Protein chains: 2
Amino acid sequence: MPDKRWRHVLGVVETAVELADRFGGDRDKAWLAALLHDYTKAWPTDKMETIIREQHLPQELLEHDKELWHAHVGAWVVRQEHGIDDEEVLDAIRYHTSGRERMTLLDKIVCLADYMEPGRDFPGVNKIRERAQHNLDEALLAGFDSTIQFLVEKGKTIFPLTVLARNDLLRIIRENKSI
Amino acid sequence: MPDKRWRHVLGVVETAVELADRFGGDRDKAWLAALLHDYTKAWPTDKMETIIREQHLPQELLEHDKELWHAHVGAWVVRQEHGIDDEEVLDAIRYHTSGRERMTLLDKIVCLADYMEPGRDFPGVNKIRERAQHNLDEALLAGFDSTIQFLVEKGKTIFPLTVLARNDLLRIIRENKSI
(Lines give C-alpha, C1' and ligand atoms only; values in the text may rest on other atoms or scores of the structure.)
Protein backbone atom coordinates (compact mmCIF):
# COMPACT_ATOMS: atom_id res chain seq x y z
CA MET A 1 0.00 0.00 0.00
CA PRO A 2 1.46 3.42 -0.98
CA ASP A 3 2.45 5.76 1.88
CA LYS A 4 -0.27 8.27 1.06
CA ARG A 5 -2.94 5.58 1.20
CA TRP A 6 -1.55 4.27 4.47
CA ARG A 7 -1.72 7.76 6.01
CA HIS A 8 -5.36 7.89 4.89
CA VAL A 9 -6.04 4.52 6.54
CA LEU A 10 -4.53 5.74 9.82
CA GLY A 11 -6.69 8.87 9.58
CA VAL A 12 -9.80 6.75 9.11
CA VAL A 13 -8.83 4.54 12.08
CA GLU A 14 -8.37 7.56 14.34
CA THR A 15 -11.63 9.18 13.17
CA ALA A 16 -13.67 5.96 13.34
CA VAL A 17 -12.62 5.35 16.96
CA GLU A 18 -13.52 8.96 17.85
CA LEU A 19 -16.92 8.59 16.20
CA ALA A 20 -17.53 5.27 17.96
CA ASP A 21 -16.82 6.93 21.31
CA ARG A 22 -19.01 9.93 20.45
CA PHE A 23 -22.02 7.98 19.17
CA GLY A 24 -21.95 4.84 21.29
CA GLY A 25 -20.39 2.45 18.78
CA ASP A 26 -18.03 -0.46 19.40
CA ARG A 27 -14.54 1.09 19.32
CA ASP A 28 -12.73 -2.23 18.79
CA LYS A 29 -14.85 -3.14 15.77
CA ALA A 30 -14.57 0.43 14.47
CA TRP A 31 -10.78 0.19 14.80
CA LEU A 32 -10.59 -3.15 12.96
CA ALA A 33 -13.02 -2.28 10.15
CA ALA A 34 -11.31 1.09 9.59
CA LEU A 35 -7.85 -0.51 9.54
CA LEU A 36 -8.94 -3.00 6.86
CA HIS A 37 -11.43 -0.89 4.89
CA ASP A 38 -9.09 -0.14 1.95
CA TYR A 39 -7.24 -3.47 2.04
CA THR A 40 -7.45 -4.01 -1.74
CA LYS A 41 -7.71 -0.35 -2.80
CA ALA A 42 -4.33 -0.39 -4.55
CA TRP A 43 -4.86 -3.74 -6.29
CA PRO A 44 -4.91 -3.89 -10.09
CA THR A 45 -8.48 -3.68 -11.39
CA ASP A 46 -8.22 -6.93 -13.34
CA LYS A 47 -7.37 -8.83 -10.14
CA MET A 48 -10.45 -7.31 -8.47
CA GLU A 49 -12.59 -8.04 -11.50
CA THR A 50 -11.56 -11.70 -11.40
CA ILE A 51 -12.62 -11.99 -7.76
CA ILE A 52 -15.95 -10.22 -8.45
CA ARG A 53 -16.68 -12.64 -11.30
CA GLU A 54 -15.35 -15.88 -9.81
CA GLN A 55 -16.51 -15.42 -6.23
CA HIS A 56 -19.98 -14.27 -7.29
CA LEU A 57 -19.81 -10.83 -5.69
CA PRO A 58 -22.58 -8.50 -6.97
CA GLN A 59 -22.09 -8.44 -10.75
CA GLU A 60 -23.70 -5.01 -11.08
CA LEU A 61 -20.50 -3.60 -9.55
CA LEU A 62 -18.86 -4.17 -12.93
CA GLU A 63 -21.23 -1.68 -14.57
CA HIS A 64 -20.26 1.07 -12.14
CA ASP A 65 -17.20 3.05 -11.17
CA LYS A 66 -14.16 0.92 -10.28
CA GLU A 67 -13.91 2.99 -7.08
CA LEU A 68 -16.68 0.78 -5.71
CA TRP A 69 -14.98 -2.55 -6.33
CA HIS A 70 -12.35 -2.57 -3.58
CA ALA A 71 -14.95 -2.43 -0.81
CA HIS A 72 -16.65 -5.71 -1.75
CA VAL A 73 -13.40 -7.36 -2.82
CA GLY A 74 -11.71 -6.20 0.39
CA ALA A 75 -14.39 -7.78 2.58
CA TRP A 76 -13.99 -11.04 0.70
CA VAL A 77 -10.19 -11.02 0.90
CA VAL A 78 -9.86 -10.20 4.60
CA ARG A 79 -12.23 -13.06 5.38
CA GLN A 80 -10.23 -15.49 3.22
CA GLU A 81 -6.72 -14.31 4.10
CA HIS A 82 -7.07 -13.15 7.67
CA GLY A 83 -9.98 -15.21 8.92
CA ILE A 84 -12.02 -12.14 9.86
CA ASP A 85 -15.47 -13.60 10.40
CA ASP A 86 -17.29 -10.85 12.26
CA GLU A 87 -20.15 -10.10 9.87
CA GLU A 88 -20.59 -6.61 11.27
CA VAL A 89 -16.96 -5.75 10.56
CA LEU A 90 -17.14 -7.36 7.10
CA ASP A 91 -20.32 -5.41 6.26
CA ALA A 92 -18.73 -2.15 7.37
CA ILE A 93 -15.84 -2.84 4.97
CA ARG A 94 -18.17 -4.03 2.19
CA TYR A 95 -20.43 -0.97 2.27
CA HIS A 96 -17.98 1.76 3.27
CA THR A 97 -17.98 3.34 -0.21
CA SER A 98 -21.57 2.91 -1.38
CA GLY A 99 -23.55 2.78 1.83
CA ARG A 100 -26.69 0.63 1.79
CA GLU A 101 -30.25 0.51 3.08
CA ARG A 102 -30.57 0.05 6.85
CA MET A 103 -26.93 0.83 7.60
CA THR A 104 -25.72 -0.37 10.99
CA LEU A 105 -24.07 2.04 13.42
CA LEU A 106 -20.70 0.50 12.50
CA ASP A 107 -21.39 0.90 8.76
CA LYS A 108 -22.13 4.57 9.35
CA ILE A 109 -19.06 5.15 11.51
CA VAL A 110 -16.62 3.69 8.98
CA CYS A 111 -18.30 5.32 5.98
CA LEU A 112 -18.35 8.73 7.67
CA ALA A 113 -14.76 8.39 8.93
CA ASP A 114 -13.71 7.67 5.33
CA TYR A 115 -15.37 10.93 4.20
CA MET A 116 -13.94 13.17 6.90
CA GLU A 117 -10.57 11.84 8.17
CA PRO A 118 -8.08 14.71 8.66
CA GLY A 119 -6.35 14.18 5.29
CA ARG A 120 -9.51 14.63 3.23
CA ASP A 121 -9.96 17.84 1.28
CA PHE A 122 -12.90 18.28 -1.09
CA PRO A 123 -15.80 20.74 -1.46
CA GLY A 124 -18.19 20.19 1.42
CA VAL A 125 -15.83 18.27 3.73
CA ASN A 126 -15.98 20.95 6.44
CA LYS A 127 -19.77 20.83 6.46
CA ILE A 128 -19.51 17.08 7.05
CA ARG A 129 -17.00 17.57 9.91
CA GLU A 130 -19.16 20.24 11.56
CA ARG A 131 -22.27 18.08 11.44
CA ALA A 132 -20.31 15.10 12.78
CA GLN A 133 -19.75 17.01 16.02
CA HIS A 134 -23.44 16.55 16.81
CA ASN A 135 -25.25 14.19 14.46
CA LEU A 136 -23.93 11.09 12.72
CA ASP A 137 -26.84 10.70 10.30
CA GLU A 138 -26.86 14.33 9.19
CA ALA A 139 -23.10 14.25 8.66
CA LEU A 140 -23.34 11.09 6.57
CA LEU A 141 -26.19 12.61 4.57
CA ALA A 142 -23.90 15.53 3.69
CA GLY A 143 -21.30 12.96 2.61
CA PHE A 144 -23.68 11.15 0.27
CA ASP A 145 -24.92 14.51 -1.06
CA SER A 146 -21.36 15.42 -2.00
CA THR A 147 -20.82 12.04 -3.71
CA ILE A 148 -24.03 12.29 -5.73
CA GLN A 149 -23.32 15.89 -6.78
CA PHE A 150 -19.79 14.90 -7.81
CA LEU A 151 -21.07 11.97 -9.90
CA VAL A 152 -23.70 14.14 -11.62
CA GLU A 153 -21.13 16.83 -12.42
CA LYS A 154 -18.70 14.25 -13.81
CA GLY A 155 -21.32 12.43 -15.88
CA LYS A 156 -20.80 9.17 -14.00
CA THR A 157 -23.38 6.58 -13.02
CA ILE A 158 -24.78 6.68 -9.49
CA PHE A 159 -24.73 3.37 -7.63
CA PRO A 160 -28.38 2.73 -6.66
CA LEU A 161 -27.50 1.60 -3.11
CA THR A 162 -26.11 5.06 -2.36
CA VAL A 163 -29.47 6.62 -3.21
CA LEU A 164 -31.29 4.05 -1.05
CA ALA A 165 -28.87 4.78 1.80
CA ARG A 166 -29.44 8.53 1.45
CA ASN A 167 -33.24 8.11 1.29
CA ASP A 168 -33.06 6.05 4.48
CA LEU A 169 -31.09 8.78 6.27
CA LEU A 170 -33.64 11.41 5.20
CA ARG A 171 -36.43 9.24 6.62
CA ILE A 172 -34.56 8.70 9.89
CA ILE A 173 -33.93 12.46 10.22
CA ARG A 174 -37.56 13.32 9.32
CA GLU A 175 -38.80 10.93 11.99
CA ASN A 176 -36.46 12.52 14.57
CA LYS A 177 -34.68 9.20 15.05
CA SER A 178 -31.24 10.36 13.97
CA ILE A 179 -28.22 10.01 16.20
CA MET B 1 -57.25 22.31 -14.52
CA PRO B 2 -55.97 25.86 -13.83
CA ASP B 3 -55.13 28.05 -16.88
CA LYS B 4 -51.41 28.04 -16.16
CA ARG B 5 -51.32 24.24 -16.02
CA TRP B 6 -53.33 24.05 -19.26
CA ARG B 7 -50.85 26.35 -21.04
CA HIS B 8 -48.08 24.00 -19.81
CA VAL B 9 -49.94 20.99 -21.22
CA LEU B 10 -50.31 22.70 -24.62
CA GLY B 11 -46.57 23.49 -24.52
CA VAL B 12 -45.74 19.85 -23.83
CA VAL B 13 -48.06 18.74 -26.67
CA GLU B 14 -46.37 21.08 -29.15
CA THR B 15 -42.88 20.09 -28.00
CA ALA B 16 -43.61 16.35 -27.90
CA VAL B 17 -44.89 16.40 -31.50
CA GLU B 18 -41.80 18.34 -32.61
CA LEU B 19 -39.52 15.84 -30.85
CA ALA B 20 -41.42 12.89 -32.38
CA ASP B 21 -40.88 14.37 -35.83
CA ARG B 22 -37.20 15.08 -35.11
CA PHE B 23 -36.31 11.69 -33.65
CA GLY B 24 -38.61 9.32 -35.57
CA GLY B 25 -41.30 8.83 -32.92
CA ASP B 26 -45.04 8.32 -33.42
CA ARG B 27 -46.50 11.84 -33.50
CA ASP B 28 -50.09 10.73 -32.81
CA LYS B 29 -49.09 8.79 -29.70
CA ALA B 30 -46.81 11.66 -28.64
CA TRP B 31 -49.72 14.08 -29.05
CA LEU B 32 -52.11 11.90 -27.00
CA ALA B 33 -49.68 11.04 -24.20
CA ALA B 34 -48.58 14.69 -23.90
CA LEU B 35 -52.19 15.93 -23.83
CA LEU B 36 -53.04 13.55 -20.97
CA HIS B 37 -49.73 13.49 -19.07
CA ASP B 38 -50.84 15.84 -16.26
CA TYR B 39 -54.46 14.69 -16.16
CA THR B 40 -54.60 14.39 -12.36
CA LYS B 41 -51.87 16.93 -11.54
CA ALA B 42 -54.30 19.35 -9.87
CA TRP B 43 -56.16 16.66 -7.91
CA PRO B 44 -56.13 16.77 -4.10
CA THR B 45 -53.37 14.54 -2.74
CA ASP B 46 -55.75 12.50 -0.58
CA LYS B 47 -57.73 11.51 -3.69
CA MET B 48 -54.49 10.40 -5.37
CA GLU B 49 -53.36 8.57 -2.24
CA THR B 50 -56.64 6.64 -2.12
CA ILE B 51 -56.15 5.45 -5.70
CA ILE B 52 -52.51 4.49 -5.05
CA ARG B 53 -53.59 2.42 -2.03
CA GLU B 54 -56.79 0.89 -3.34
CA GLN B 55 -55.72 0.19 -6.91
CA HIS B 56 -52.39 -1.29 -5.84
CA LEU B 57 -50.20 1.20 -7.66
CA PRO B 58 -46.54 1.07 -6.46
CA GLN B 59 -46.77 1.70 -2.71
CA GLU B 60 -43.23 3.10 -2.57
CA LEU B 61 -44.63 6.23 -4.27
CA LEU B 62 -46.13 7.17 -0.90
CA GLU B 63 -42.64 7.45 0.63
CA HIS B 64 -41.52 9.95 -2.00
CA ASP B 65 -42.42 13.42 -3.18
CA LYS B 66 -46.11 13.90 -4.04
CA GLU B 67 -44.95 15.37 -7.36
CA LEU B 68 -44.49 11.76 -8.51
CA TRP B 69 -47.98 10.56 -7.70
CA HIS B 70 -49.99 12.19 -10.51
CA ALA B 71 -48.08 10.32 -13.21
CA HIS B 72 -49.07 6.84 -12.02
CA VAL B 73 -52.53 7.95 -10.92
CA GLY B 74 -53.05 9.75 -14.24
CA ALA B 75 -52.24 6.62 -16.26
CA TRP B 76 -54.72 4.65 -14.17
CA VAL B 77 -57.48 7.27 -14.47
CA VAL B 78 -57.26 7.84 -18.24
CA ARG B 79 -57.51 4.11 -18.76
CA GLN B 80 -60.57 3.85 -16.50
CA GLU B 81 -62.35 7.05 -17.53
CA HIS B 82 -61.38 7.43 -21.18
CA GLY B 83 -60.75 3.88 -22.21
CA ILE B 84 -57.16 4.62 -23.28
CA ASP B 85 -55.68 1.14 -23.63
CA ASP B 86 -52.52 1.78 -25.64
CA GLU B 87 -49.86 0.51 -23.22
CA GLU B 88 -47.19 2.63 -24.85
CA VAL B 89 -49.20 5.81 -24.27
CA LEU B 90 -50.09 4.74 -20.72
CA ASP B 91 -46.42 4.02 -19.92
CA ALA B 92 -45.36 7.41 -21.28
CA ILE B 93 -47.86 9.04 -18.91
CA ARG B 94 -46.91 6.75 -16.01
CA TYR B 95 -43.17 7.41 -16.24
CA HIS B 96 -43.11 11.00 -17.46
CA THR B 97 -41.93 12.37 -14.10
CA SER B 98 -39.57 9.66 -12.82
CA GLY B 99 -38.33 8.00 -15.98
CA ARG B 100 -37.52 4.27 -15.72
CA GLU B 101 -35.06 1.66 -16.91
CA ARG B 102 -35.26 0.85 -20.62
CA MET B 103 -37.36 3.89 -21.51
CA THR B 104 -39.16 3.64 -24.84
CA LEU B 105 -38.75 6.35 -27.45
CA LEU B 106 -42.23 7.62 -26.53
CA ASP B 107 -41.36 7.66 -22.79
CA LYS B 108 -38.32 9.77 -23.61
CA ILE B 109 -40.19 12.18 -25.88
CA VAL B 110 -42.90 12.96 -23.32
CA CYS B 111 -40.49 13.16 -20.40
CA LEU B 112 -38.15 15.49 -22.30
CA ALA B 113 -41.02 17.64 -23.62
CA ASP B 114 -42.19 18.08 -20.03
CA TYR B 115 -38.72 19.36 -19.06
CA MET B 116 -38.28 21.80 -21.94
CA GLU B 117 -41.68 23.06 -23.19
CA PRO B 118 -41.51 26.82 -23.95
CA GLY B 119 -43.06 27.86 -20.61
CA ARG B 120 -40.39 26.14 -18.50
CA ASP B 121 -37.80 28.30 -16.75
CA PHE B 122 -35.29 26.73 -14.36
CA PRO B 123 -31.48 26.53 -14.06
CA GLY B 124 -30.23 24.30 -16.86
CA VAL B 125 -33.31 24.40 -19.10
CA ASN B 126 -31.43 26.06 -21.96
CA LYS B 127 -28.77 23.35 -21.88
CA ILE B 128 -31.56 20.78 -22.22
CA ARG B 129 -33.12 22.67 -25.17
CA GLU B 130 -29.77 23.01 -26.93
CA ARG B 131 -28.99 19.31 -26.61
CA ALA B 132 -32.50 18.42 -27.79
CA GLN B 133 -31.67 19.97 -31.15
CA HIS B 134 -29.36 17.05 -31.83
CA ASN B 135 -29.58 14.24 -29.28
CA LEU B 136 -32.63 13.04 -27.38
CA ASP B 137 -30.70 10.91 -24.85
CA GLU B 138 -28.16 13.60 -23.99
CA ALA B 139 -30.93 16.16 -23.55
CA LEU B 140 -32.87 13.84 -21.26
CA LEU B 141 -29.70 13.11 -19.28
CA ALA B 142 -29.33 16.86 -18.66
CA GLY B 143 -32.96 16.86 -17.47
CA PHE B 144 -32.40 14.06 -14.96
CA ASP B 145 -29.18 15.72 -13.82
CA SER B 146 -31.11 18.89 -13.03
CA THR B 147 -33.76 16.94 -11.12
CA ILE B 148 -31.22 15.04 -9.04
CA GLN B 149 -29.24 18.19 -8.25
CA PHE B 150 -32.45 19.97 -7.25
CA LEU B 151 -33.47 17.11 -4.93
CA VAL B 152 -30.03 16.98 -3.29
CA GLU B 153 -30.02 20.77 -2.74
CA LYS B 154 -33.53 20.66 -1.26
CA GLY B 155 -32.82 17.66 0.98
CA LYS B 156 -35.51 15.55 -0.69
CA THR B 157 -35.44 11.84 -1.41
CA ILE B 158 -34.43 10.71 -4.90
CA PHE B 159 -36.79 8.24 -6.54
CA PRO B 160 -34.62 5.19 -7.36
CA LEU B 161 -36.11 4.75 -10.86
CA THR B 162 -34.76 8.17 -11.87
CA VAL B 163 -31.23 7.03 -11.05
CA LEU B 164 -31.74 3.78 -12.98
CA ALA B 165 -33.08 5.78 -15.93
CA ARG B 166 -30.07 8.13 -15.81
CA ASN B 167 -27.60 5.22 -15.53
CA ASP B 168 -29.25 3.65 -18.59
CA LEU B 169 -28.83 6.86 -20.59
CA LEU B 170 -25.14 7.08 -19.64
CA ARG B 171 -24.65 3.49 -20.83
CA ILE B 172 -26.46 4.19 -24.12
CA ILE B 173 -24.35 7.30 -24.70
CA ARG B 174 -21.12 5.49 -23.78
CA GLU B 175 -21.94 2.72 -26.26
CA ASN B 176 -22.61 5.30 -28.99
CA LYS B 177 -26.19 4.12 -29.27
CA SER B 178 -27.85 7.40 -28.37
CA ILE B 179 -30.35 9.08 -30.69
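The sections below set out a description of the structure shown in this document.

Cut-offs applied
- Residues numbered from 1 in each chain as written.
- Chains lettered and ligands numbered in written order.
- Predicted model: local features only at pLDDT ≥ 70, side-chain atom pairs only at ≥ 80, totals over all residues.
- Heavy atoms only, no water.
- Helix = DSSP H or I, 4+ residues; strand = E, 2+ residues; numbered from the N terminus.
- Contact = heavy atoms within 4.5 Å.
- 1 Å grid on protein atoms, 1.4 Å probe; cavity = no way out; pocket = protein on both sides within 12 Å on 5 of 7 lines; lining within 4 Å.
- Points joined across faces, edges and corners; volume = space filled by probe spheres on them.
- Nonpolar A, V, L, I, M, F, W, Y, C, P; charged D, E, K, R; others polar.
- Least-squares fit on C-alpha atoms with pLDDT ≥ 70 in both.
- Phe/Tyr/Trp six-rings, centres within 6.5 Å; stacked < 30°, edge-to-face > 60°.
- Buried < 20%, exposed > 50% of the residue type's maximum accessible area, 1.4 Å probe, protein only.
- Lys NZ or Arg CZ within 6 Å of the ring centre and 35° of its normal.
- Buried area = accessible area lost by both parts, 1.4 Å probe.
- Salt bridge = Lys/Arg side-chain N within 4 Å of Asp/Glu carboxyl O.
- Polar contact = N/O pair within 3.5 Å; in protein donor to acceptor, adjacent residues only side chain to side chain.
- Arc of directions from axis to C-beta.

Looking at the side chain of Thr40 of chain A
For step 1, the next point in the chain: Within the secondary structure, Thr40 of chain A sits in the loop between α2 (27-36) and α3 (45-54).
For step 2, the next point in the chain: Every residue in contact with Thr40 of chain A, bar those within four places of it in the chain, is listed here: Met48, His70, Val73, Gly74 and Val77 of chain A.

Concerning the layout of surface pockets
For step 1, the next point in the chain: By volume, the largest pocket is sized at about 1200 Å³.
For step 2, the next point in the chain: Secondary-structure elements contributing two or more residues to the lining of the largest pocket are α1 (3-23), α6 (105-116) and α8 (136-154) of chain B.
For step 3, the next point in the chain: In terms of residue class, the lining of the largest pocket is made up of ten nonpolar, twelve polar and 13 charged.
For step 4, the next point in the chain: Contributing to the lining of the second largest pocket are 36 residues, with Tyr115, Phe122, Ser146, Thr147 and Phe150 of chain A lying nearest its centre.

With respect to the relation of the copies chain B and chain A
For step 1, the next point in the chain: For the pair chain B and chain A, the relating rotation is 180 degrees, the translation along its axis is 0.0 Å, and the fit reaches an RMSD of 0.0 Å. Taken together, the rotation and translation describe the operation of a two-fold axis.
For step 2, the next point in the chain: Most of the interface of chain B is mirrored in chain A: 100% of its interface residues are interface residues there too.

A closer look at the packing of aromatic side chains
Residues and elements named next belong to chain A.
For step 1, the next point in the chain: Applying the stated criterion across every chain yields a total of two aromatic pairs over all chains.
For step 2, the next point in the chain: For the ring pair Tyr115 and Phe144, a centre distance of 6.2 Å and an interplane angle of 85 degrees mean the geometry is edge-to-face. Taken together, the residues span a long stretch of sequence, with Tyr115 in helix α6 (residues 105-116) and Phe144 in helix α8 (residues 136-154) at a distance of 29 residues.
For step 3, the next point in the chain: Look at Tyr115 and you get buried, because its relative accessible area is 11%.
For step 4, the next point in the chain: Its guanidinium or amino end placed over the ring of Trp43, Lys47 lies 3.9 Å from that ring's centre, counting from NZ or CZ.

Here we look at the interface of chain B and chain A
For step 1, the next point in the chain: Taken together, the contacts link 17 residues of chain B with 17 residues of chain A.
For step 2, the next point in the chain: Roughly 1400 Å² of surface becomes buried between chain B and chain A when both sides are summed, with 63% attributable to carbon and sulfur atoms.
For step 3, the next point in the chain: On the chain B side of the interface with chain A, the three residues burying the most area are Val152, Arg166 and Asn167 of chain B, jointly 31% of the side's total.
For step 4, the next point in the chain: On inspection of chain B and its partner chain A, the count reaches zero salt bridges.
For step 5, the next point in the chain: Linking chain B to chain A there are six residue pairs in polar contact (both at pLDDT 80 or more).
For step 6, the next point in the chain: At the level of secondary structure, the elements contributing two or more residues to the side of chain B that touches chain A comprise α8 and α9 (160-174) of chain B.
For step 7, the next point in the chain: Of the residues assigned to the side of chain B that touches chain A, the class counts are eight nonpolar, five polar and four charged.

Some thoughts on helix α3 (residues 45-54) of chain B
Residue and element names in this part refer to chain B.
For step 1, the next point in the chain: Every buried residue of α3 is listed here: Met48, Ile51 and Ile52. All buried residues of α3 lie within an arc of 100 degrees about the axis, which places them on one face of the element. In α3, those exposed residues whose orientation departs by more than 90 degrees from the buried face are Asp46 and Glu54.
For step 2, the next point in the chain: A positive phi of about 60 degrees marks His56, the residue just after α3.

Don't take any of this as a statement about function, it's just geometry.
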